[in-house]
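Results of the structural survey
Read off the chains here:
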Amino acid sequence: MSGGARQRIAVFAGSFNPPTYAHVAIADLLARDFDRVVVVPTGPDPRCPTDDYIPLAHRAALVDVAFARDSLVLAGSTTGLKSGKITVDLFDLEAKSFTPSGELINKYEADGDVWLAVGIDLAARTVVPLPSGEHVVPSIIEAKWNNGDRLWSEKRFVIIQRDSKPTPPATLLPPAHILLPPVLGMAQEKVREELFNHRPCHPYVPPRVAAYIHQYSLYCGVPPPVTTPATLTHINALLVHDPSNPKAEAIRVLLTKLGVKVCTTLPSPTAESPTELPNVVIVAGGDGMMLHAIRSHWRLRIPFLGINCGHVGFLLNEPDAVFSLEATSCTPIDWPSLASSFSSAALPTPPPLPTPVSSTTTTAEPPLPTPSCSAATLTRTPNLRRIVGPNELTIHKLPLLFVEAIQSSPTSSSEPIVRQLAFNDVWVERSTGQTAWMELSVNGEIRIPKLIADGLLISTAAGSTAYAQAMGACPIPVGCPLLCVVGNNVAFPLSWKCAYLPLDAEITIKSVDPAKRPIRGFVDGLEMGNLLTLRLRASSIADCSLLFLKSHDMVTKLSRLQFPHTL
């Protein structure tokens, strides 16, 4: 695009329920002719009350994986994802609302010249012969859309032609239009019918979309599972770790030596050749590192496999189990020394990773070089057989919280409304030496008109083992659809400590006296500044999938957290 010229932006909106090869082909055609393509999955349409075939979070994930196929995904944004020229904007799904097309055009017009992609059956007028002459019937846009007459005559349209419908003369189309050639593919209604009847969908949808649908049994007429078996046939990993942590660095060395394709950063979006997307995020660290990884990469829509290199590691697997190691004594494994030995020139070639195809042939494992330091003697060579293979893992799908706050004193360069996502918890505390006065509401009903305390914490089940437990609340098993609300140093109401609410509850915290007793907020430890009001609920679009070994006993680990003497 030359300097001074406005961007040409194509807005491609639809239900994408599910996204098909035809949708992807249309986006690709648009990307050839436009500087930017914005894919907008529309929220619940009041005119189609039966379009809620699957939860919104799964719809959001399907669109993400469909349009981020072969190139880099820029993740971490609250609602935006980019793959080359194509951007996926999930704002409509997050708000659980349907935005009319005219408002969609207005939303992006500040960034450039907006062209709206529509089917020819919506944009074309028709001619009906009558005895008195021909009668021109308005298009669906003119007849049924809000301000349709003005939109049809004043806005720009990319019109997608159909093989089954001849292209009318230009006089029957909007004045400003571009024609897109027909795209073959099965209609999404037919794809849903195929899936409901338990027939394969891979001929009609991209491979990653088909795999996601199969993983969670979508469009089958039953609620999608929260916990499901998982299979990794190969590992192409994005590794998130702290290089200054010797144990985490040792894990990186072992993964590399075992033939795992590992990258620690996503490739540059300006790379000349497309880069294969990772199929798993491996997190070597503690629960804090896992939290950082989820916040940064949840939009990749791939599972997170945690390897505990910290202390408790509630959300992570133990490294001994991941690498199938067994020690001959109770001496802990010296991971840095093990990695050093693995890096030596005398290291034998490690056994190959197993393939998903079963075989009766077995190969003897080569001996492990003896570590040079005093560590436990190992009886097996490190391998990844426990995580690569059919149904060796379990996926726990966990929600993130959508947080919307109104700042009391925003900076001149920012809006007063701040939106964030939280995986662990949301914390509101006093900003001065005086206690905070807060009003607590649940689903629009005031529950505590004046809560006098040093602070208030709302945590998910995954975050309930951290600050929530330290403040006196009981930890919640991962996967329980509950939110924990717990106060810190509560002076009033007397004896009130905590409450447990359904995951779908909407919680509002309001400052009762912002001038004298200001409050400030934190989302997963990140400060939001002084606030007037904070509202949170389970996100409609954001979740993450945690991978656990079948041997991982989360109940036992939770019990140990509640009885410190057993640690």
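Residues numbered from 1 in each chain as written. Predicted model: local features only at pLDDT ≥ 70, side-chain atom pairs only at ≥ 80, totals over all residues. Heavy atoms only, no water.

The subject of this paragraph is the pattern of salt bridges. Oppositely charged side chains can pair when the atoms bearing their charge come close. In this structure the tally under the stated criterion is 22 salt bridges. Between aspartate 64 and arginine 301 there is a salt bridge, and its shortest N-O distance comes to 2.8 Å. Linking aspartate 64 in helix H2 (residues 56–67) with arginine 301 in the loop between helix H11 (287–297) and strand E14 (304–308), this pair joins segments that are 237 residues apart in sequence. For the pair aspartate 64 and arginine 301, one class covers both residues: buried. Residue lysine 155 pairs with glutamate 109 through a salt bridge whose shortest N-O separation is 3.2 Å. Taken together, the positions of lysine 155 in the loop between helix H7 (148–154) and strand E8 (156–160) and glutamate 109 in the loop between helix H4 (101–108) and strand E5 (112–119) put the pair 46 residues apart, joining distant regions of the chain. Salt bridges linked by common partners bring Asp64, Arg299, Arg301, Lys397 and Asp543 together as one network. (Salt bridge = Lys/Arg side-chain N within 4 Å of Asp/Glu carboxyl O. Helix = DSSP H or I, 4+ residues; strand = E, 2+ residues; numbered from the N terminus. Buried < 20%, exposed > 50% of the residue type's maximum accessible area, 1.4 Å probe, protein only.)

Below, the discussion takes up the environment of glutamine 469. Within the secondary structure, glutamine 469 sits in helix H14 (residues 467–470). Residues within four places of glutamine 469 in sequence aside, it is in contact with Ser464, Pro475, Leu561 and Gln562. (Contact = heavy atoms within 4.5 Å.)

Here we come to a nonpolar patch on the surface. On the surface, a nonpolar cluster with roughly 200 Å² of combined accessible area is contributed by Ile406, Ile417 and Leu532. One can find isoleucine 417 in strand E16 (residues 417–422). (Patch = residues over 30% accessible without salt bridge, like charges linked within 9 Å, V, L, I, M, F, W, Y side chains within 5 Å. Areas by Shrake-Rupley, 256 points an atom, 1.4 Å probe, with all protein chains shown as cover.)

Let's shift gears to the nonpolar core. Residues Leu30, Phe67, Phe323, Leu384, Phe423 and Leu546 are the most contacted members of the largest nonpolar core, which totals 103 residues. The greatest single-element share of this core, amounting to eight residues, is contributed by H2. (Core = buried A, V, L, I, M, F, W, Y, C linked by side-chain atoms within 4.5 Å.)

Before going further, it helps to examine the environment of valine 114. Following the sequence through the fold, valine 114 ends up in strand E5. Taking the relative accessible area as the measure of exposure, valine 114 reaches 2% and is therefore buried. Spatially, the C-alpha atoms of valine 114 and valine 11 are 6.9 Å apart, while their sequence positions differ by 103 residues. Once residues within four sequence positions are removed from consideration, valine 114 is found in contact with Ile9, Val11, Ile105, Tyr108, Glu109 and Arg156.

Regular strands show a simple pattern: their side chains alternate between the two faces of the sheet. The buried fraction of strand E18 (residues 436–442) is high, at six of seven residues. When E18 meets strand E19 (residues 445–453), the two strands line up antiparallel, connected through six bridges. Pairing of methionine 438 across the sheet is with leucine 451, part of E19. Linking E18 to E19, which pair antiparallel, is a turn of two residues; within it asparagine 443 sits at a positive phi near 55°. By the bridge criterion, five bridges tie E18 to strand E23 (residues 507–511) in an arrangement that is antiparallel. Paired with methionine 438 across the two strands is serine 511, which belongs to E23. (Pairing = 2+ DSSP bridges.)

What follows covers the packing of aromatic side chains. For any pair of aromatic rings, the description rests on two quantities: the centre-to-centre distance and the angle between the ring planes. Following the criterion strictly, the structure yields four aromatic pairs and no others. Ring centres of phenylalanine 12 and phenylalanine 16 lie 5.2 Å apart, and the angle between their planes is 85°; this geometry places the pair in the edge-to-face category. Ring geometry for tyrosine 212 against tyrosine 216: centres 4.9 Å apart, planes inclined by 50°, an arrangement best described as tilted. Of the two residues, tyrosine 212 and tyrosine 216 are both situated in helix H9 (residues 207–216); the distance of four residues between them amounts to about one turn of the helix. Classification of tyrosine 212 by relative accessible area gives buried; the value is 9%. Here a set of aromatic residues connected by ring pairs shows up, and it is made of Phe12, Phe16 and Phe67. In this arrangement the basic side chain of arginine 8 is found over the ring face of phenylalanine 34, its NZ or CZ atom lying 4.4 Å from the centre. When the ring centre of tryptophan 437 is taken as reference, the NZ or CZ atom of lysine 450 above it lies at 3.9 Å. (Phe/Tyr/Trp six-rings, centres within 6.5 Å; stacked < 30°, edge-to-face > 60°. Lys NZ or Arg CZ within 6 Å of the ring centre and 35° of its normal.)

These figures capture arrangement, not role.
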